Amino acid sequence: MQLTVAHLKRGQRGIITDVSSIYIPLKLLEMGCLPGNYVELVQVAHFSDPMYLNINGTHLAIRKETALHIFIEIL
Amino acid sequence: MSKQINVALIGNPNTGKTSVFNALTGLNQKVGNYPGITVEKKEGICKLPRGVKAHIIDLPGTYSLNASSLDENVVIELLLNKNDKDFPDVAVVVSDVENLKRNLLLFTQIKDLEIPAILVINMADRMRYKGISLDIPHLEEQLNTKIALVSTRKKNGIVELKELISNYKDLSTTPCMNASEIDREYFDNLRKAFPNQLLYKLWLVITQDVNFGKTDRNEIDAVANFKTKTKADLKRLQQKETIKRYQFINNTLKKGQTIDLNTAKDLRIKLDRILTHKVWGYVIFFVILLTIFQAIYDWSSVPMDFIDSSFVSLSEWTKNGLPEGAFTSLLAEGIIPGLGGIVIFIPQIAFLFLFISVLEESGYMSRVVFLMDRGMRRFGLSGKSIVPLISGTACAIPAIMATRNIENWKERLITILVTPFTTCSARLPVYLIIISLVIPEGRFLGLGYQAMTLMLLYLIGFGAALVSAMILNKILKIKSKTFFVVEMPNYKLPLFKNVVLTVIEKTKAFVFGAGKIILAISIILWFLASYGPGDDFNKAEEIISTEYANQNLTEDEVNEHVASYKLEHSFLGITGRAIEPAIRPLGYDWKIGIALVSSFAAREVFVGTLATIYSVGSDDEETIKNRMAGEVNPILGGPLFTFASGISLLLFYAFAMQCMSTLAIVQRETNSWKWPILQLVIMSGFAYLIALIAFQLLK
Ligand SMILES: Nc1nc2c(ncn2[C@@H]2O[C@H](COP(=O)(O)OP(=O)(O)OP(=O)(O)O)[C@@H](O)[C@H]2O)c(=O)[nH]1
Ligand SMILES: [Mg+2]
């Protein structure tokens, strides 16, 4: 199964391998959500939604539905 | 004539553009630690060395030149329209030293537009704390630009920045990288089709729907031959472009920036572990709100009492000190009590603004957005709607403007429509005075009943906003893509100066804004209350003296009867009694009715209006509150402000749409009259109904 950001546990890190560009808004890519960059799950709200991430040094929160389209390799 | 150059401040959200703007122009635009504080173009003037004058333009933050929300469009439309009177001669790109990598993306795009650009690296005071060091000459060379290392907090680098701006002619306009490499063939064709146009500008126009001025758009649409790409293809190309830009930036920073992680300290992790916690996060948020309400009560009662009694003395002094006449009584009975009705609330309003400002400056707002997003979504709102809803407790107008950074139009529209339900500071005076009249002073578990009632009213406001959002979410058939990204800024110690300035500025705006309306209304009211038609008004003395002829009244008592008889038969009284049947079922008399009607201009005039009505013709000088407590219900006898009529009034004000300025701003932001009219009718109708039910049940 392909792992996505939604699979990360709190404190875990991964490397982004791919993002499905149909679902991911350009703005997120521009904030650094790109293949090769690292992503860390800082904190989750109830039902892991939204997710508070550290992507390549940028701290941001996205909804789970978006996180499901960012593919990663867990470190 | 000295010449003037246009300087635009551009950069990612929350990098300190407005702080730089304030440092350059000496103005005090609002600064806050939340991405999306500035949503409109703001302008100011700065004097530069060698007699150059600069026209500085502060812009909303944007992550890139590909706009995804309304506030970002402002920037792109300005940069792509050479004919705009504000088109910049030089772009000052403000970046945050802690997020340099991401900030440089926008910088490389602006370089591609071949606009002379200066790079400001702001927040330099944080470098040591974060273990960051920079090789400025290397960066300048790689990026083809001049760099100013600035700290607006420590006031460093501003002089150097001014120097750089005044030498803007020396800046290179060569791009620092070549983005067209992502698809050579496509871009070559494009260049051939439009040899006179800037390639990157073409690309921006092709890939998005912003309004760039008709001519450009039509010209490009006319030539069909490059429309060979589907939307998905274009998006893939944009992705490639972004990767390409990041490659360049990473290479540049590899040598240009070093970060020593050992010295880097991070307060964020520790704080966020609690503040965004699944349980503690909410508990803390609730405690913060509770503290705010308690404080608004406890801290401001002393200055309030002082202001109240001062206005009474002022009124008395005017009456005794000035020669008798119409002007003196207009002053003493109309204007002074009317203004007193607003000035008395300055302490509370200031405390409210203080708390909001601290929440915004500390970076906590984004955490609340994070905590609330899931809950808010259930109501068709976005986590970002919480910011308008919270800042709506100050005033709905900036709150509605703050919705501009919500990406999704449906969520944004719903937020705009429901924000007026939140308890704005104009409702506060009404609440405070009525609560103090009808709610007992006791305490329960250390919390005053009065403070708790106030908190309850705020919750009712939020509740009404949420429920109506849910209904709107069901009714409105608007399809728009949902997507949600919010940046979580670093925590910052609120800058004392910023907080104080915001508080003063906003309180001033509140007092003067309301003051103007109140001045006008209290003058009108005084005239209407002091003159009347026919014998009833003009022969009041005779009528009263015959009516009470056989009851031995003292002179004072006679005067009182005459005054109230006159008031009742004045123009104001006649109008008031005409509307009385409509409001009697809610437990109000005609005087409250007049106050209610004048509140449709702005709610905060309620207390002032009552103060003016009550003081016309009366001799004894009393505080507003005592006067209200002394009012007698004309039908039932007993005090007019009872628990039942008080609650009914509170609820009426909680729900009714009584603010012209809000309606105007809703019209502007939604670009239609339909929404504000619906708001006015539905909210006020609902308010009437609820107030009616409450009074009938409680009386
Ligand atoms: N430590 C530090 N903080 C700064 C500095 N300059 C600005 N800030 C803080 O950074 C935050 C954002 O500042 P603003 O000037 O509102 O930023 P902006 O770029 O105008 O933000 P938006 O209008 O939301 O895009 C505020 O909390 C400022 O107090 C600085 O030099 N050092
Ligand atoms: Mg700003």
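Computed from a predicted model, the values in this text were never measured in an experiment.

Rules used throughout
- Residues numbered from 1 in each chain as written.
- Chains lettered and ligands numbered in written order.
- Predicted model: local features only at pLDDT ≥ 70, side-chain atom pairs only at ≥ 80, totals over all residues.
- Heavy atoms only, no water.
- UniProt positions renumbered as here; feature names shortened; annotations may be inferred.
- Helix = DSSP H or I, 4+ residues; strand = E, 2+ residues; numbered from the N terminus.
- Donors = N, O, S within 2.8 Å, 3.2 Å for Na, K, Ca; no water.
- Buried < 20%, exposed > 50% of the residue type's maximum accessible area, 1.4 Å probe, protein only.
- pLDDT = per-residue confidence, 0-100.
- Phe/Tyr/Trp six-rings, centres within 6.5 Å; stacked < 30°, edge-to-face > 60°.
- Salt bridge = Lys/Arg side-chain N within 4 Å of Asp/Glu carboxyl O.
- Contact = heavy atoms within 4.5 Å.
- Buried area = accessible area lost by both parts, 1.4 Å probe.
- Polar contact = N/O pair within 3.5 Å; in protein donor to acceptor, adjacent residues only side chain to side chain.
- Nonpolar A, V, L, I, M, F, W, Y, C, P; charged D, E, K, R; others polar.
- Pairing = 2+ DSSP bridges.
- Patch = residues over 30% accessible without salt bridge, like charges linked within 9 Å, V, L, I, M, F, W, Y side chains within 5 Å.
- Areas by Shrake-Rupley, 256 points an atom, 1.4 Å probe, with all protein chains shown as cover.
- Lys, Arg positive; Asp, Glu negative; His and termini not counted.
- Charge placed at Lys NZ, Arg CZ, Asp CG, Glu CD.
- Near = heavy atom within 4 Å.
- Core = buried A, V, L, I, M, F, W, Y, C linked by side-chain atoms within 4.5 Å.
- Domains from an automatic or database assignment.

Remarks on the UniProt feature "domain: FeoB-type G" (unreviewed entry) in chain B
As annotated by UniProt and renumbered to match this structure, "domain: FeoB-type G" (unreviewed entry) occupies residues 4-171 of chain B. Measuring from the first to the last C-alpha atom of residues 4-171 of chain B gives 17 Å, for a span that is 32% helix and 24% strand.

Brief notes about the coordination of the magnesium ion (ligand 2)
Residue and element names in this part refer to chain B. Those donors, Thr18 (OG1) and Thr38 (OG1), are the protein atoms that reach the magnesium ion (ligand 2), and they lie 1.9 to 2.0 Å from it. Taken as a pair, threonine 18 in helix α1 (residues 17-25) and threonine 38 in the loop between α1 and β2 (42-47) lie far apart in primary sequence, 20 residues in all. For threonine 18, a relative accessible area of 8% corresponds to the buried category.

Things to note about the confidence of the model for chain B
Note: predicted coordinates in regions of low pLDDT should not be interpreted at a detailed level. Scored by pLDDT, chain B comes out at a mean of 85, with 95% of its residues at no less than 70. ipTM for the predicted complex: 0.94, alongside a pTM of 0.81.

A short note on the packing of aromatic side chains
When we look at a pair of aromatic rings, we describe it by the centre distance and by the angle of the planes. Residue and element names in this part refer to chain B. All told, the structure shown has 12 aromatic pairs over all chains when counted by the stated rule. A ring pair is formed by phenylalanine 421 and phenylalanine 655, whose centres lie 6.3 Å apart and whose planes are at 75°; its orientation type is edge-to-face. Linking phenylalanine 421 in the loop between α18 (409-418) and α19 (427-438) with phenylalanine 655 in helix α29 (residues 643-655), this pair joins segments that are 234 residues apart in sequence. For the pair shown, phenylalanine 421 and phenylalanine 655 are each scored as buried.

Points about the pattern of salt bridges
Tallied over the entire structure, the rule returns 25 salt bridges over all chains. Here Arg377(B) ties to Asp49(A) by a salt bridge, and the two come within 3.1 Å at their closest N and O atoms. Note that Arg377(B) is positioned in helix α15 (residues 364-377) and Asp49(A) in the loop between β2 (38-44) and β3 (51-55), a pairing that runs across two chains. Here Arg50(B) makes a salt bridge to Glu163(B), at a shortest N to O gap of 3.2 Å.

Section: the interface of chain B and chain A
On the chain A side, the residues contacting the 40 residues of chain B number 33 residues. Taking both partners together, chain B and chain A bury about 3,300 Å²; carbon and sulfur atoms supply 56% of that area. One can count 4 salt bridges joining chain B with chain A. Summed over the shared surface of chain B and chain A, the number is 18 residue pairs in polar contact (both at pLDDT 80 or more). Those elements that provide at least two residues to the side of chain B that touches chain A are α3 (100-112), α10 (231-256), α11 (267-275), α15 and β11 (485-487) of chain B. The leading source of residues in the side of chain B that touches chain A is α10(B), at 6 residues. Counted by class, the side of chain B that touches chain A contains 12 nonpolar, 13 polar and 15 charged residues. As defined by bridge partners, strand β4 (residues 58-62) of chain A adjoins β11(B) across 3 bridges and the pair is classed as antiparallel. The partner of Ile62(A) across the bridge, within β11(B), is Val485(B).

Quick look at a positive patch on the surface
A cluster of basic residues, Arg10(A), Lys270(B), Arg273(B) and Lys278(B), forms a positive patch at the surface. The topology assignment puts Arg10(A) in the segment before β1 (13-19).

Observations concerning the site of ligand 1
Residue and element names in this part refer to chain B. Looking at ligand 1, there are 26 residues lining it, with Lys17, Thr18, Ser19, Ile37 and Thr152 nearest. Measuring from an oxygen atom of ligand 1, one finds a side-chain N or O atom of threonine 18 at 2.6 Å. In this structure, a nitrogen atom belonging to ligand 1 sits 2.6 Å away from a side-chain N or O atom of threonine 152. Burial of ligand 1 by the surrounding chains reaches 99%, relative to a free accessible area of 660 Å². Considering each element in turn, the shell around ligand 1 owes the most residues, 3 residues, to α1.

So, the nonpolar core
Residue and element names in this part refer to chain B. Core analysis: the biggest nonpolar cluster contains 114 residues, and Tyr588, Phe606, Phe641, Leu649 and Phe652 have the highest contact counts within it. Of all the elements, helix α21 (residues 496-530) adds the most residues to this core, at 9 residues. Counting contributing residues, this core receives three or more from each of domain 3 (280-391 + 405-425 + 447-473) and domain 4 (517-698). In contact with phenylalanine 606, not counting residues within four places along its chain, are Val430, Ile434, Ile592, Ala595, Ser599, Met628, Leu649 and Tyr653. Membership of the second largest hydrophobic core comes to 79 residues, among which are Tyr63, Phe87, Val93 and Ile121.

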